[in-house]
Amino acid sequence: MDGLQGSQIEALQQLQSILGPHDTEFVVSVLESVSWDVQVSTDLKFAVFLESRSNVGPQKATDLLFDNEAPKVVAPTQAIPMEQLELDDNAGSSPTIRHSHRGQGNPRSTWSFLWSLLTVPLHLVSGVLRFVFSVLRIPIPSLPFMATNSYHSHRPTSPDSRSITQRWVQQLEEETGACSSKRSTVNAVTTGFEAGPSTTRRHTYPPAASDDNQKILPDFFDGSYEDVLDICQREGRIACVVLVSAEHDDDADFKRSTLTDPIFVKILLDNDFIVWGGDIRDKAAWDASQKLQATTYPFVAFLALQPRRHGAPSGAAPVVTILSRHQGRAAATASVLIDHLNTQLLPRVTPFLVRFKSVLQDRDRDRRIREEQDRAFRETARRDREAIEMRVRQEKEEEERIRKHAEDVKRKQEDSARQKHQAGIRMEWRKFMRNRLLLPEARGLRLAVKLPGNGRVVRSFPSSATLTALYAFADSQLIPSTSRPEDDPLQAPEGVVDDIPQLDSYIQSRTAGHAWWGFTLASAYPRREFRWKANASLTETGLRDGEQIVMELIPGSGSVNGQISDDEYESESD
C-alpha cells in the first residue's frame, strides 16, 4: 500500500469491505484498471472472477474485465487461460456463470440419458419438419423439441473452425428463412465450376430467392476468430462478432429481427465490416466468448484497429481494439446497434481507418512501383547481358574464323612450298638422268612416245635396255626448254646413283615404285599399260619395234614442268 494516495486508500478499503478479505495487490490492480472507480468495480461483479483466480493465475484485472468507455486491446494469438465454464439457465433465475468442478459426479447425467431416449421420436419429427421448412423457405419455429436435434451442449466438434462456422450459418439460414448477402443475387444453386474458385464463400443449398421480400443475413466470414483479428490488423476493417446461445430465450428473436434487419445489414455491407459469429456451444465461439469476456447473450462486439494509448510511444504500431460490447437482448436490438454505429462508432473510428488504409494504399502503390522498376531493371539487365554475350560470341566466332583462315593459308603455303620443293627435286632428277643415265641411241627397238599435249618424240633403244631406261627418257622430256643441258647436275640430288641399276634400287627404297615417276606409259591401241618394274627389259614387257606409246600423267602428282597445254597436260613444247 506504499505510494497510494488518500483517495486511493479509501477506495481500496471500500472495495475490500464489499468483497470481503482478498489479496490486497490483486484488489489494487482491479481498481487501477477502472481508474479507482469503486462503483464500476462492484457493477462488473468481480466476486465471480476473484473466486476463479486460483485457476486463472496471477493475471492483472485488465485481462479479465472490459469497459465500454475504455476499449481493451486484444492479441489475436493469445488466449486467456480459464476454467471450463458452463451455462446455468435454471428457471426463475437470470443466466449466470458458475464453475464446473472436475472430479465430481454429475447428478443430471442419468436424467439426461433417460430424456435423450424419450425424445428420439421428437428428433425424427424435428428432422422432417426442418427439411420441409427449409425447402419452403419458411422460418423454423422455436419449439423445445425442435432444438433437441440441433446443437448439443459441449458436443465434440471438428478442429476445422471453417466447417463449424459454415454449419452454424447454414442453420441460421434455415431458422430465419434468410440467406447470406453474398448469395442474395444468385437465383439458382451454384457450384464451384459455375461461380469460379472461392476460398471463403460457400455454394450450398438452399438457393437464394429472387423476390424483393427475401430476408438477407450479413455475410459471415467462415474462418476462425484469429483470422478475423488478422484481417483487421492487415486491412484496417471493422469486425462485428456475433455470439449466441441456442438455449437462451431471446436467441430466436435476435436472429430473426436483428441479424436480418435490412438497415443493419446494409450498414455492415456499405462499410465493409467483416462479420463473424457462432454458438457458444461450439468450441470456436466458446473460445471467442472467453477472450471477449461475454457473460450475457446474445452478444455483439465491434473491433477495429486503433492507435495505442496510455503513454505508448508515438511511433508504436496500432493494435486491434474492442470498440464496444452489447450484451443481452435489450442492448443488441437492431435499432440500438444502428444508432450506435451511425452516431458513435463509425464517426469515431472511420477517420483513423481511412488514414490507415491510405497508408496501406501508398505502401502497396510504392511496392508495385518498386516491383515494376525491379522488373524493368531485370529486363534491361537481361537484354544487356544477352547483347554482351552475343557480342562476345560473335567476337569469338570471328577470332575462330580468322584463326582457321590463317591456319588454312599457312597449311596451303606449307603444302605449296613442299610441293615446290618436291617438284624442284624431281626436276633435278630429270636433269641428272638426262645428263648421266640416258642410253645412247642404238639399233634395236624404235619407240615413239607421245608426250602430254601435242609433243611427240622418237628414240631407238638397244634390245637389252630396261623399262627404267624408257621411263628415264620419257621423264627427261618434261624438262622445260629453257633449261640448257650444260647446266644439268653431275650428281644425283639424293643418294648415290651412277647407273640404271642403282636408280632402280633408289626408287624401290624411297617410294612405292611406280608412283615415284608421276606418270604411266601405255600403248595407244589396243591400250596396254606398261607399269614400271625394276630390272625389267623392254622385250619382256611386250614392247615391239615401232610401238606407239602414250605418256599419261598420274592425277595428283603435281606440276612437272613450267608449261600447261590446252588439254591440261604439261609438255616441253607444242
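Definitions and limits used
- The numbers attached to residues start from 1 for each chain and follow its sequence in the written order.
- In keeping with the model being predicted, local features are shown solely for residues with a pLDDT of at least 70 and side-chain atom pairs are shown and tallied solely at 80 or more, while totals for entire chains, interfaces and linings include all residues.
- Neither water nor hydrogens contribute to the side-chain values; these are computed over all heavy atoms in the structure.
- To qualify as a helix, a DSSP run of H or I must reach at least 4 residues; to qualify as a strand, a run of E must reach at least 2; elements of each kind are numbered from the N terminus.
- By the convention used here, residues are in contact when the closest approach between their heavy atoms is within 4.5 Å.
- Here a pair means two rings of Phe, Tyr or Trp (six-membered ring of Trp) with centres within 6.5 Å. Their orientation is stacked below 30 degrees between planes, edge-to-face above 60, and tilted elsewhere.
- The buried label goes to any residue with under 20% of its type's maximum accessible area, the exposed label to any with over 50%, and the partly exposed label to all in between, with areas taken from a 1.4 Å probe on protein chains only.
- Side-chain atoms within 4.5 Å link the members of a nonpolar core, which is a set of buried Ala, Val, Leu, Ile, Met, Phe, Trp, Tyr and Cys residues.
- In protein, a polar contact means a hydrogen-donor-capable atom and an acceptor-capable atom, both N or O and within 3.5 Å, with residues adjacent in sequence counting only if both atoms are side-chain atoms; elsewhere, any N or O pair within 3.5 Å suffices.
- Pairing between two strands requires that DSSP report at least two bridges joining them.
- Between N-to-C directions, angles cover 0 to 180 degrees, with each direction set by a line fitted to C-alpha atoms, over the stretch in contact for helices.
- These descriptions rest on fixed angle ranges, namely under 35 degrees for roughly parallel, over 145 for roughly antiparallel, 65 to 115 for roughly perpendicular, and the rest for oblique.
- Three classes are used: nonpolar for Ala, Val, Leu, Ile, Met, Phe, Trp, Tyr, Cys and Pro, charged for Asp, Glu, Lys and Arg, and polar for all others, with Gly counted as polar.
- One side-chain nitrogen of Lys or Arg within 4 Å of one carboxyl oxygen of Asp or Glu is enough to make a salt bridge.
- On a range of 0 to 100, pLDDT expresses the predictor's confidence in each residue.

Engineer: An account of the overall build of the protein chain is needed here, citing residue identities and associated values.
Structural biologist: A count of helices and strands for the protein chain gives 18 helices and 13 strands. Put simply, of all contacts in the protein chain between residues at least 6 apart along the chain, 68% involve residues at least 24 apart.

Engineer: Hey, could you go over unusual backbone geometry for me, with residue numbers and the actual values?
Structural biologist: Looking along the chain, the bond that leaves Tyr-297 and enters Pro-298 is cis, with omega of 5°. On the secondary structure map, Pro-298 appears in the loop between helix 14 (283-292) and strand 7 (299-306). Notably, Asp-272 is not glycine yet its phi reads approximately 55°, a positive angle. With respect to the helices and strands, the residue Asp-272 is situated in the loop between helix 13 (262-270) and strand 6 (274-279).

Engineer: Can you break down the packing of aromatic side chains residue by residue, with the values?
Structural biologist: Using the criterion set out here, one finds 13 aromatic pairs in the structure. Between Tyr-225 and Trp-276, the aromatic rings sit 5.8 Å apart at their centres with planes inclined by 55°, giving tilted as the arrangement. Of this pair, Tyr-225 sits in helix 11 (residues 225-235) while Trp-276 sits in strand 6, placing them 51 residues apart in sequence. There is no split in this pair, since Tyr-225 and Trp-276 are both buried. When the centroid spacing of 5.6 Å and the interplanar angle of 85° are considered together, the rings of Trp-429 and Trp-516 count as edge-to-face.

Engineer: Describe the nonpolar core, with residues and values.
Structural biologist: Formed by 56 residues in total, the largest nonpolar core has its most connected members in Leu-243, Phe-273 and Leu-303. A total of nine residues in this core trace back to one element, the largest contributor, which is helix 15 (residues 334-437). Discounting chain neighbours no more than four positions away, the residues touching Leu-243 are Trp-276, Gly-278, Ile-280, Ala-285, Ala-288, Ser-289, Leu-292, Ala-294, Tyr-297, Pro-298 and Phe-299. Ranked by size, the runner-up nonpolar core spans 36 residues in total, among them Tyr-471, Ala-472, Leu-521 and Leu-543.

Engineer: How would you summarise the environment of Val-457 if you had to cite specific residues and measurements?
Structural biologist: By the secondary structure assignment, Val-457 is in strand 10 (residues 456-461). Accessibility expressed as a relative area gives 18% for Val-457, which makes it buried. Spatially, the C-alpha atoms of Val-457 and Phe-473 are 10.0 Å apart, while their sequence positions differ by 16 residues. Excluding residues within four positions of it along the chain, Val-457 makes contact with Leu-447, Ala-448, Val-449, Leu-451, Phe-473 and Gln-477.

Engineer: How would you summarise the side chain of Ser-537 if you had to cite specific residues and measurements?
Structural biologist: When you line up the elements, Ser-537 lands in the loop between strand 12 (529-530) and helix 18 (538-541). Using a relative accessible area of 13% as the deciding quantity, one classes Ser-537 as buried. A distance of 3.4 Å separates the side chain of Ser-537 from the side chain of Thr-539, its partner in a polar contact. If we ignore the near neighbours within four places in the chain, the residues touching Ser-537 are Ala-465, Thr-466 and Leu-467.

Engineer: Summarise the pairing of strand 9 (residues 445-450); cite the residues concerned and give the values.
Structural biologist: In terms of strand pairing, strand 9 meets strand 10 through six bridges, oriented antiparallel. Within strand 10, the position partnered with Ala-448 by the bridge is Val-458. Across three bridges, strand 9 lies against strand 13 (residues 548-553) in parallel orientation. Within strand 13, the position partnered with Lys-450 by the bridge is Val-550.

Engineer: Now, about the side chain of Asp-279: what can you tell me, with residues and values included?
Structural biologist: Relative to the elements of secondary structure, Asp-279 occurs in strand 6. Apart from the residues lying within four places of it in its own chain, the contact partners of Asp-279 are Trp-168, Val-244, Ser-245, Ala-246 and Ala-285.

Engineer: Talk me through the packing of helix 13 against helix 15; I want residue IDs and the actual numbers.
Structural biologist: Running from N to C, helix 13 and helix 15 point in directions that differ by 30°, and their axes come no closer than 9 Å. With respect to helix 15, the element helix 13 is oriented roughly parallel. Touching Ile-263, Phe-264, Ile-267 and Leu-268 of helix 13 are Leu-337, Ile-338, Leu-341, Asn-342 and Leu-346, all from helix 15. Partitioning the contact of helix 13 with helix 15 into residue classes produces eight nonpolar, one polar and no charged.

Engineer: Can you explain the sheet that holds strand 8 (residues 319-327)? Please cite residues and give values.
Structural biologist: Reading across from one edge, 6-5-7-8 is the order of the four strands in this open sheet, with mixed pairing throughout. Among the strands making up the open sheet, the edge pair consists of strand 6 and strand 8. Across the sheet, the axes of successive neighbouring strands diverge by a mean angle of 20°, strand direction being ignored. Summarising the sheet, strand 7 and strand 8 pair through eight bridges and their orientation is antiparallel. Opposite Gln-306, over in strand 8, you have Val-319 as the bridge partner. Helix-sheet contacts for helix 15 involve strand 7 and strand 8, and the interaxial angle to strand 7 is about 20°.

Engineer: Talk me through the pattern of salt bridges; I want residue IDs and the actual numbers.
Structural biologist: One pass over the full model with this rule turns up 33 salt bridges. For Arg-528, the salt bridge goes to Glu-547, with nearest N and O atoms at 3.2 Å. With Arg-528 in the loop between strand 11 (519-523) and strand 12 and Glu-547 in the loop between helix 18 and strand 13, this pair connects stretches of sequence that are 19 residues apart. Look at Arg-528 and you get partly exposed, because its relative accessible area is 27%. Among the residues examined, Glu-547 registers a relative accessible area of 9% and is labelled buried. Of the charged contacts, one joins Arg-544 and Glu-547 as a salt bridge, the two residues approaching to 4.0 Å between their closest N and O atoms.

Engineer: Can you lay out the confidence of the model for the protein chain for me, pointing to particular residues and giving the numbers?
Structural biologist: Summing up the model confidence of the protein chain, the mean pLDDT is 76 and the portion of residues at 70 or higher is 70%. Confidence drops under a pLDDT of 50 for residues 147-155, and excluding neighbours within four residues, the segment shows 23 contacts in the predicted structure. Across residues 559-574 the pLDDT falls below 50, and counting only partners more than four positions away or on other chains, this stretch makes 38 contacts in the model.

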